[in-house]
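Architecture at a glance
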Amino acid sequence: MATTKGQQPAPVMNAARAGTAPRPADYVWAAARISIGWIFLWAFLDKTFGWGLATPAGKAWISGGSPTTGFLKGTGENALGAFFSSLAGQPWIDWLFMLGLLGIGVALLLGAGLRIAAATGAVLLVFMWAAELPLANNPFMDEHLIYALVLVGLALAGAGDTLGIGRMWGRTALVRSYPVLK
């Protein structure tokens, strides 16, 4: 790798990118990516079609239900509840939330677009964390912040390159021109 005088080459964050076989840690990151991707995609599917796990059929988005109302209306007594409750059920919030769940889930499952998926997923999770303040079981830490940290780790580790299309996606002209899409 050529470098100019005084510059160090960029570190390789994933063994698979260096042209070597993936390490066991790469498979752990890939499994975490796929698992969290499924969590986001399942939330989208269940809220859209009301398959009866978290969302009853009558409250499905396709049946006229609001995917944000249940969670956001339940935050009314929390520290930021007035703000988050005011967003509940607004069509633009419903669409933004659902497109976010779908996009983040698909990107994570495929292993492409991890940088944007990690950033938007982390923002969504931090908003959900903030909506629940003060937390019932811990002064500040909960699963929303843990998932947000893992999303950042997935992007930094290049987790889409193992068991995903991240390496191929990264070689496209579009991503070479706009690396944020990696």
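Procedures and definitions
Throughout this description, residue numbers start from 1 for each chain and increase along the sequence as written. Since the coordinates come from a predicted model, pLDDT governs what is reported: local features require at least 70, and pairs of side-chain atoms require 80 or more to be given and counted, while whole-chain, interface and lining totals use all residues. Calculation of side-chain values draws on the structure's entire complement of heavy atoms; hydrogens and water are dropped beforehand. Helix and strand assignments follow DSSP, with helices taken as H or I runs no shorter than four residues and strands as E runs no shorter than two, numbered in order from the N terminus. Given a helix with a known number of residues, its expected span is that number minus one, times 1.5 Å. Accessibility here uses a 1.4 Å probe with only protein chains present; expressed as a share of the type maximum, an area under 20% marks a residue as buried, one over 50% as exposed, and anything in between as partly exposed. Working definition of a nonpolar core: buried Ala, Val, Leu, Ile, Met, Phe, Trp, Tyr and Cys residues. They are joined through side-chain atoms within 4.5 Å. Two residues qualify as a contact provided that any one of their heavy atoms is within 4.5 Å of a heavy atom in the partner residue. Counted as salt bridges are all cases of a side-chain nitrogen of Lys or Arg within 4 Å of a carboxyl oxygen of Asp or Glu. What pLDDT conveys is the predictor's confidence in a given residue, as a value from 0 to 100.

Moving on, we get to helix 4 (residues 91-110). For helix 4, built from 20 residues, the straight-helix expectation of 28 Å at 1.5 Å per residue is met to within 8% by its first-to-last C-alpha distance of 28 Å. Considered for burial, the residues of helix 4 that qualify are Ile93, Asp94, Phe97, Met98, Leu101, Ile104, Gly105, Ala107 and Leu108. Following helix 4 by one or two positions, Gly111 adopts a phi angle in the positive range, close to 85°.

Let's shift gears to the nonpolar core. Counting 24 residues, the largest nonpolar core has Phe40, Phe44, Met98, Leu101, Leu108, Leu124 and Leu151 as the members making the most contacts within it. Of all the secondary structure elements, the ones that give two or more residues to this core are helix 1 (24-49), helix 4, helix 5 (114-131) and helix 6 (143-156). Here this core takes 7 residues from helix 5, the largest share from any one element. Those residues within four positions of Phe40 in sequence are excluded, and the remaining contacts are Leu101, Ile104, Gly105, Leu108, Gly121, Leu124, Leu125 and Leu151. Residues Leu87, Trp129, Leu133 and Leu145 belong to the second largest nonpolar core, which totals 11 residues.

This part is about the side chain of Ser85. Structurally, the position occupied by Ser85 is in helix 3 (residues 81-87). Of the residues examined, Ser85 reaches a relative accessible area of 15% and is grouped as buried.

A separate point is the pattern of salt bridges. Two side chains bearing opposite charge may form a pair once their charged atoms approach each other closely. Applying the stated criterion across every chain yields a total of 2 salt bridges. Notably, a salt bridge pairs Asp26 with Arg23, separated by 3.1 Å at the nearest N-O pair. With a relative accessible area of 40%, Arg23 lands in the partly exposed category. Here Lys182 ties to Asp161 by a salt bridge, and the two come within 3.0 Å at their closest N and O atoms. Taken together, the positions of Lys182 in the segment after helix 8 (173-177) and Asp161 in the loop between helix 6 and helix 7 (166-170) put the pair 21 residues apart, joining distant regions of the chain. Taken as a pair, Lys182 and Asp161 share a single burial class, namely buried.

A word on the confidence of the model for the protein chain. Scored by pLDDT, the protein chain comes out at a mean of 91, with 90% of its residues at no less than 70. Per-element averaging of pLDDT across the protein chain places helix 2 (residues 69-73) at the bottom with 91 and helix 4 at the top with 98.

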